[in-house]
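Examination of the molecular architecture
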Amino acid sequence: MELLQQRILSDGRVLPGGILKVDGFLNHQIDPALLYEMALDLKRLYAGEEVTKVLTIEASGIAIAAMTGYVFGCPLVFAKKSKSKNISNDLYSVEVESFTHGNTNTVVVSKEYLKKEDRVLIIDDFLATGAALVGLKKLVELSGATLVGAGIAIEKVFQGGGDLLRSQGLRIESLARIASMENGKLIFC
């Protein structure tokens, strides 16, 4: 998606350790007009899939996932990184490693919100090693729902997660695909 790539080039910053800082428009301060255009592109890519639920993991994927749910006309469900007192014990639960945070979280979704009749589209802001996507995929499998694919804002292709999951048959559509971030320079696929 040209609009997203241009925004990454103008407002993104490459940080040491393979981090792309886009929090000025994507996942801390959010540009709703950009997210709306991104969601429309995801709707075009997954047209005809009869998506009934959008699934993401808290917290930075929630904004793009909410906008995607809006354009699909369906609910957003987000996997929580901790169980709070107001969530029932009837949960789907998986362990997920975070590349950005350098930790592992047990993420949960109430069984009330993912059913076997659902057609689920996973949405996330980044795809790097694929750990979050693997965890979300497992939650869908535990529910018995149909996973139609994943929509990613920015894929860091050089970290291999997307290729690994595609080789396992998962459909992944990424709006911006970065081949390299060496020496602070972004190169798109």
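This text goes with the structure placed above it.
Residues numbered from 1 in each chain as written. Predicted model: local features only at pLDDT ≥ 70, side-chain atom pairs only at ≥ 80, totals over all residues. Heavy atoms only, no water.

**Comments concerning the nonpolar core**
L4, I8, L20, V22, L26, M38 and I154 are the most contacted members of the largest nonpolar core, which has 32 residues in total. Elements represented by at least two residues in this core include exactly helix 1 (2-11), helix 2 (23-27), helix 3 (32-45), helix 4 (62-72), strand 7 (119-127), strand 8 (146-156) and strand 9 (172-180). Excluding anything up to four places from it in sequence, M38 contacts M1, L4, L26, I64, A153 and L175. Counting 23 residues, the second largest nonpolar core, distinct from the first, contains I57, Y92, V109 and L170. (Core = buried A, V, L, I, M, F, W, Y, C linked by side-chain atoms within 4.5 Å. Buried < 20%, exposed > 50% of the residue type's maximum accessible area, 1.4 Å probe, protein only. Helix = DSSP H or I, 4+ residues; strand = E, 2+ residues; numbered from the N terminus. Contact = heavy atoms within 4.5 Å.)

**Focus: the packing of helix 1 against helix 3**
The relative placement of two packed helices comes down to the angle between their axes together with the axis-to-axis distance. It is at 10 Å that the axes of helix 1 and helix 3 come closest, and there the two elements cross at 145 degrees. Two secondary-structure elements touch here, helix 1 through L3, L4 and R7 and helix 3 through L34, E37 and M38. A class-by-class count of the residues in the contact of helix 1 with helix 3 yields four nonpolar, no polar and two charged. (Axes fitted to C-alpha atoms, helices over the stretch in contact; angles between N-to-C directions. Nonpolar A, V, L, I, M, F, W, Y, C, P; charged D, E, K, R; others polar.)

**Overview of the packing of aromatic side chains**
If you walk through the whole model with that rule in mind, you get zero aromatic pairs. In this arrangement the basic side chain of R171 is found over the ring face of Y46, its NZ or CZ atom lying 4.0 Å from the centre. (Phe/Tyr/Trp six-rings, centres within 6.5 Å; stacked < 30°, edge-to-face > 60°. Lys NZ or Arg CZ within 6 Å of the ring centre and 35° of its normal.)

**Things to note about unusual backbone geometry**
Here the amide bond leading from E58 into A59 is cis, since omega sits at 5 degrees, within 30 degrees of zero. For A59, the location among the structural elements is in the loop between strand 3 (53-57) and helix 4. Even without being glycine, E50 reaches a positive phi, approximately 55 degrees. If you trace the backbone, E50 turns up in the loop between helix 3 and strand 3. Phi is positive for N183, which is not a glycine, with a value near 55 degrees. With respect to the helices and strands, the residue N183 is situated in the loop between strand 9 and strand 10 (187-188). Look at N183 and you get exposed, because its relative accessible area is 82%.

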